[in-house]
Amino acid sequence: MNDLTGFLFLLLILVFYVYTYWTSVKRNRIPHFRSLAGLVALEEMVGRATEMGRPVFHSTGLGTLYSSGVGTVLASFVVFSEVANKCAQMNTELIVGIGAAEHIPIITALAEQAYAVAGVPENLNYNDLVFLGGTQSALVAAIMEIMDSRAPSSFLVTGSYGADIATYGGLAREYGTLSLCGTTNTYQYPYAVAAYDYWLIGEDFLAAAAVISKDPVQISNIWAGDLFRFTLCIIMAIGVILSWVGYNITQYLTM
Amino acid sequence: MGITDTVRKLLTRRTFVQGMLIILLIIPLSRPLGLPILIGEHSRAFYRIVEELPPNAKILFSQVTPVVLMGDLIPQAIPVTYQLVSLAKERNWKLYFVGIGSPDGILQLIDSEIWATIGWPEEYGLKYGEDWCNLGFVAGGDISWSTFGSDIRAVVQYDREGNNIDSLPMMQDVNSVADFDIIFNNGEYNTVIVRQWGEPYGKPLMLLCLTGAVVQDVEPFYRAGQVKEYLAGVRGGADYELLVNRPGKAIASLDAISISHIFLIGLIALGNVLYFAEKKEKGRNSL
Amino acid sequence: MNLLRKREISVYLLFITSMVFIVQYYLPGFDPLDSLISLLGNWAVVFSAMAMGLGLLNLATNSVRKIQKRSKEWYFDAWLLFIMLLVLVLGGIGGAKDERYLWIFNNVYQQLSPTFFGFAYLYMCSVAVLTFRVANWETALLMLGGVLVMIGNIPFIQVYTGAFVSLKDWIFAIPSRGVFTAFRISMALGFVLIGIRTLLGIERGYMGAEES
């Protein structure tokens, strides 16, 4: 079998998931999770836009649906869905910047459903679902233009980006726009924290989907991940101690 | 209006900060200052590994630099490619170029930047189809990398010139990544290449990465032995230009890099001086 | 309800396709499965390429609408439309090696693209001034580390002082690498979890809100 160690780790995660699912759903014992400031801020961002009578601008990022970064793209869609729900409920103008062409039908469907569920499908302005060009440089140019011409009150940057994240944060500061960054791109974390008002980085962003839903089944999935993380720490500690006494366990971890 | 007010107004004006930076960058770019540089250990090791490649080696060069990142990645690709093509004839190396990823002109950069600077491989005595070939662009993400790794012909039937790859003599006994002796990657997808080509086939990976934070991504793989060696952006490119004795864009950019680093440190220091001065003023005013 | 709009159909398709990929990953060498993977991969790429046409349509529609309404700076949209069609026609007729097409690519796109990328550093500088302030001991430590790494990275300083280079290398090799490794492991775990949720059909947020 290819990658036996990876398979065993995956099996362990599934075992933990079964345990946490049974505990949280069947026995109704859900652990407390810390609140994610970025998610709490979504309400504030849409509310601020409503009060100021200015739009919310959400850029959903680049990233293909058939790469290893598809988790980021999915999480971006989930956050967008939540933002679209809130904008539909509060009757706030929503501008969506779509980075990748293949996201267009998905974003359009998500926006349509959000407004339909809110009971105001006629309020969705299809002209505000804008394809931004498909490359980083096109995104930068298009977002600069939208920030300048439409003057949004809140700006959300979620999904897969490159170094252009720093540019959007700087733009948001310049125009006095409340900003949120959601990304899993490790080398953009410093810019996300420095340049934005709110951020969802790394696993916070990926867990946002589960947290938004408040579904015990999804939250048990996050709990399973935490249990696996503790197990990994224990394995690493054992590995470190064994390496001090001259025994190398990495040979068994690279099967 | 006090000094702190003036400085605060200047530092918070984007036009001033960015304008100063642009002026400071134009000076060394237009008139190189010739500041000395120290060749890094990674660059030396990278150079040594290439020099010590055995004869008849099959070398796969994956060129996935999108146009947007060419400023950082092409300056290092040029001297590395120069070293490969200049030694290829005497060592009987076979060079295979390919570009897998999002369509953003990744392969066009080989023609317009690399060959345009160092000359086409034919000028070094290499023959297309026998000593070097360009397998063309393959669209896609992880799936394409994985499929190319296991069966090249599943994703590539024709090379960039439109020839059937089976008609190329150098492709006769090459079916998967396992048939190559070493792999170079210039651009993004570093972790993908470790996952899809390095780990499954155990091939030595030589990565030409973006500067700075992307190196942090590659460092754990390097320490774990999954990446043989890496270069880091313009800095690595400048080192390499000195090693192959072919000064170019990277060395020319280093003066600008030095100036911009010093400027940024100065800005941060000034920002902090202003912060403490304002704090002191507020404290005095509240008494 | 329209059968094709049933969310369950999407979930089942997703599960079956994902299981094919997972089984193939752990049990490689089974030819029919490898061929199926290859076929599905090619389909995914074809869908993505088709989607570009959708993007083109979206851009064109928006531009035409702004031109018709004579919105603010509508002439830029007219220029965008013109360039888009020009490059499309040149590339379509002459191919990727057409001289005029390559001229536009080499002299326009290849110059503008990195220029816009360069904005990132300009904005970083303006943000750094306001963000990197010593407000408490944590930010002081952060700034100290940052400044030491920056000094260690200055090319001409590396020639004269080995101390900063050693310090920079130590920061990169020990604390920074440890943190980034932890980030990577955490992120990979997050991807596995979201994958499990999506595969099992538990995560449906990307399908939108459910109509009651």
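Some thoughts on the overall build of chain B
In step 1: When its secondary structure is counted, chain B shows 11 helices and 6 strands.
In step 2: Its C-alpha atoms give chain B principal-axis dimensions of about 85 × 40 × 35 Å.
In step 3: Across chain B, contacts joining residues at least 24 apart in sequence account for 73% of those joining residues at least 6 apart.

Things to note about helix α6 (residues 142–150) of chain B
In step 1: With 8 of 9 residues buried, α6(B) is to be regarded as a mostly interior element.
In step 2: Of all the positions in α6(B), only B:I143, B:S144, B:W145, B:S146, B:T147, B:F148, B:G149 and B:S150 are classed as buried.
In step 3: Packing partners of the buried residues in α6(B) comprise β2 (94–101), β3 (132–139), α7 (152–155) and α8 (190–201) of chain B together with α2 (31–69) of chain C.

Remarks on the environment of B:D179
Residues and elements named next belong to chain B.
In step 1: Relative to the helices and strands, D179 is located in the loop between α7 and β4 (182–187).
In step 2: Of the residues examined, D179 has 15 C-beta atoms within 10 Å and is grouped as partly exposed.
In step 3: When residues no more than four places from it in sequence are discounted, the contact partners of D179 are K58, D173 and V174.

Remarks on the interface of chain A and chain C
In step 1: At the interface, 59 residues of chain A touch 49 residues of chain C.
In step 2: Of the residues that constitute the side of chain A that touches chain C, the class distribution is 32 nonpolar, 21 polar and 6 charged.

Examining the sheet that holds strand β5 (residues 178–183) of chain A
All names here are of chain A.
In step 1: Strands sit in the order β3-β2-β1-β4-β5-β6 across an open sheet of 6 strands; the sheet is parallel. Two strands bound the open sheet, and with one partner strand each, they are β3 (129–131) and β6 (198–201). Here the average twist between neighbouring strands, direction ignored, is 15°.
In step 2: In this structure, strand β1 (residues 56–59) lies alongside strand β2 (residues 94–98), joined through 4 bridges in parallel fashion. Bridging from a neighbouring strand, S59 pairs with G97 of β2.
In step 3: Helix α8 (residues 203–213) contacts β5 and β6 of the sheet and is inclined by roughly 90° relative to β6.

A few points about the pairing of β4(B)
Residues and elements named next belong to chain B.
In step 1: The buried fraction of β4 amounts to 5 of the 6 residues, a majority that puts the element mostly inside the structure.
In step 2: Bridge analysis of strand β1 (residues 58–64) against β4 gives 6 bridges, and the strand direction is parallel. Within β4, the residue paired with L60 across the bridge is I183.
In step 3: For β4 and strand β5 (residues 205–209), the ladder comprises 4 bridges, and the chain directions are parallel. Residue pairing for β5: N186 is matched across the bridge by L208.
In step 4: Since β4 and β5 lie parallel, the crossover through α8 that links them has a hand, and here it is right-handed.

Things to note about the domain arrangement of chain A
In step 1: What the domain assignment lists for chain A is domain 1 (4–30 + 216–253) and domain 2 (37–212).
In step 2: Domain 1 of chain A and domain 2 of chain A are separated by 33 Å when their C-alpha centres are compared.

Points about the sheet that holds β2(B)
Residues and elements named next belong to chain B.
In step 1: Spatial ordering of the open sheet is given by β3-β2-β1-β4-β5-β6, a layout of 6 strands whose pairing is parallel. Bordering the open sheet on either side are β3 and β6 (229–232), each of which pairs with just one other strand. The mean angle between the axes of side-by-side strands here comes to 15°, regardless of whether they run parallel or antiparallel.
In step 2: Of the strand pairs in this sheet, β2 and β3 are connected by 6 bridges, and their pairing is parallel. Paired with Y96 across the two strands is C133, which belongs to β3.
In step 3: Most of the contacts of α8 go to β5, to which it runs at about 165°, and overall it touches β1, β4 and β5.

A word on the confidence of the model for chain A
In step 1: The predicted model of chain A averages 88 in pLDDT, with 98% of residues at 70 or higher.
In step 2: Looking over chain A, one finds the lowest element-wise mean pLDDT in helix α10 (residues 250–253) of chain A, namely 70, and the highest in β1(A), namely 97.

Focus: the confidence of the model for chain B
In step 1: Averaged over all residues, the pLDDT of chain B is 88; the fraction at 70 or higher stands at 98%.
In step 2: Across chain B, the element-wise mean pLDDT spans from 76 in helix α1 (residues 3–12) of chain B up to 94 in helix α3 (residues 41–51) of chain B.

Some points on helix α6 (residues 164–174) of chain A
In step 1: Judged by how many residues are buried, α6(A) sits mostly within the fold: 10 of 11 residues are covered.
In step 2: Looking only at α6(A), the buried set comprises A:D164, A:I165, A:A166, A:T167, A:Y168, A:G169, A:G170, A:L171, A:A172 and A:R173.
In step 3: Looking at the packing, one finds that the buried side of α6(A) touches α5 (136–150), β4 (154–158), β5 and α7 (189–195) of chain A together with α4 (99–131) of chain C.
In step 4: Phi turns positive one or two residues past the end of α6(A), at A:G176, with a value near 65°.

Describing unusual backbone geometry
Residue and element names in this part refer to chain B.
In step 1: The phi angle at Y189 is positive, at roughly 60°, despite the residue not being glycine.
In step 2: Secondary-structure assignment places Y189 in the loop between β4 and α8.
In step 3: Phi is positive for N245, close to 60°, though the residue is something other than glycine.
In step 4: Position of N245 relative to the elements: it lies in the loop between α10 (233–243) and α11 (249–286).
In step 5: Among the residues examined, N245 registers 8 C-beta atoms within 10 Å and is labelled exposed.

Quick word on the packing of α2(C) against helix α3 (residues 74–94) of chain C
The description of two helices packed together rests on the angle between their axes and the distance between the axes.
Residue and element names in this part refer to chain C.
In step 1: Here α2 crosses α3 at 145°, and the two axes come no closer than 8 Å. As for the relative orientation of α2 and α3, their crossing is left-handed in sense. Counting all contacts with α2, which are made through L59, A60, S63, K66 and I67, the residues of α3 involved are W74, D77, A78, L80, L81 and M84.
In step 2: Across the contact of α2 with α3, the residue classes break down as 8 nonpolar, 1 polar and 2 charged.

Looking at the pairing of β4(A)
Residue and element names in this part refer to chain A.
In step 1: Along β4, 5 of the 5 residues are buried, which leaves the element largely enclosed by surrounding structure.
In step 2: Burial of β4 is two-sided: the residues S154, L156 and T158 facing one way and the residues F155 and V157 facing the other way are all buried.
In step 3: Pairing geometry for β4 and β5, over 5 bridges, is parallel. The partner of S154 across the bridge, within β5, is L178.
In step 4: At this point the chain moves from β4, through α6, to the parallel β5, and the crossover so formed is right-handed.

Section: the packing of helix α4 (residues 70–91) of chain B against α10(B)
Residue and element names in this part refer to chain B.
In step 1: Viewed as axis vectors pointing N to C, α4 and α10 meet at an angle of 25°, and their least axial separation amounts to 7 Å. When the interaxial angle is binned, α4 and α10 end up roughly parallel. Every pair of crossing elements has a handedness; the one defined by α4 and α10 is left-handed. Contacts between α4 and α10 involve D72, P75, Q76, P79 and V80 from the former and G233, V234, G236, G237, Y240 and E241 from the latter.
In step 2: The residue inventory of the contact of α4 with α10, partitioned by class, reads 5 nonpolar, 4 polar and 2 charged.

Rules used throughout
- Residues numbered from 1 in each chain as written.
- Chains lettered and ligands numbered in written order.
- Predicted model: local features only at pLDDT ≥ 70, side-chain atom pairs only at ≥ 80, totals over all residues.
- Helix = DSSP H or I, 4+ residues; strand = E, 2+ residues; numbered from the N terminus.
- Contact = placed C-beta atoms within 7 Å.
- Buried ≥ 20, exposed ≤ 12 C-beta atoms within 10 Å, placed from the backbone.
- Nonpolar A, V, L, I, M, F, W, Y, C, P; charged D, E, K, R; others polar.
- Pairing = 2+ DSSP bridges.
- Axes fitted to C-alpha atoms, helices over the stretch in contact; angles between N-to-C directions.
- Right-handed = clockwise from strand over helix to strand, strands pointing away.
- Domains from an automatic or database assignment.
- pLDDT = per-residue confidence, 0-100.
- Left-handed = near helix turned anticlockwise from the far one by under 90°.
- Parallel < 35°, antiparallel > 145°, perpendicular 65-115°, else oblique.

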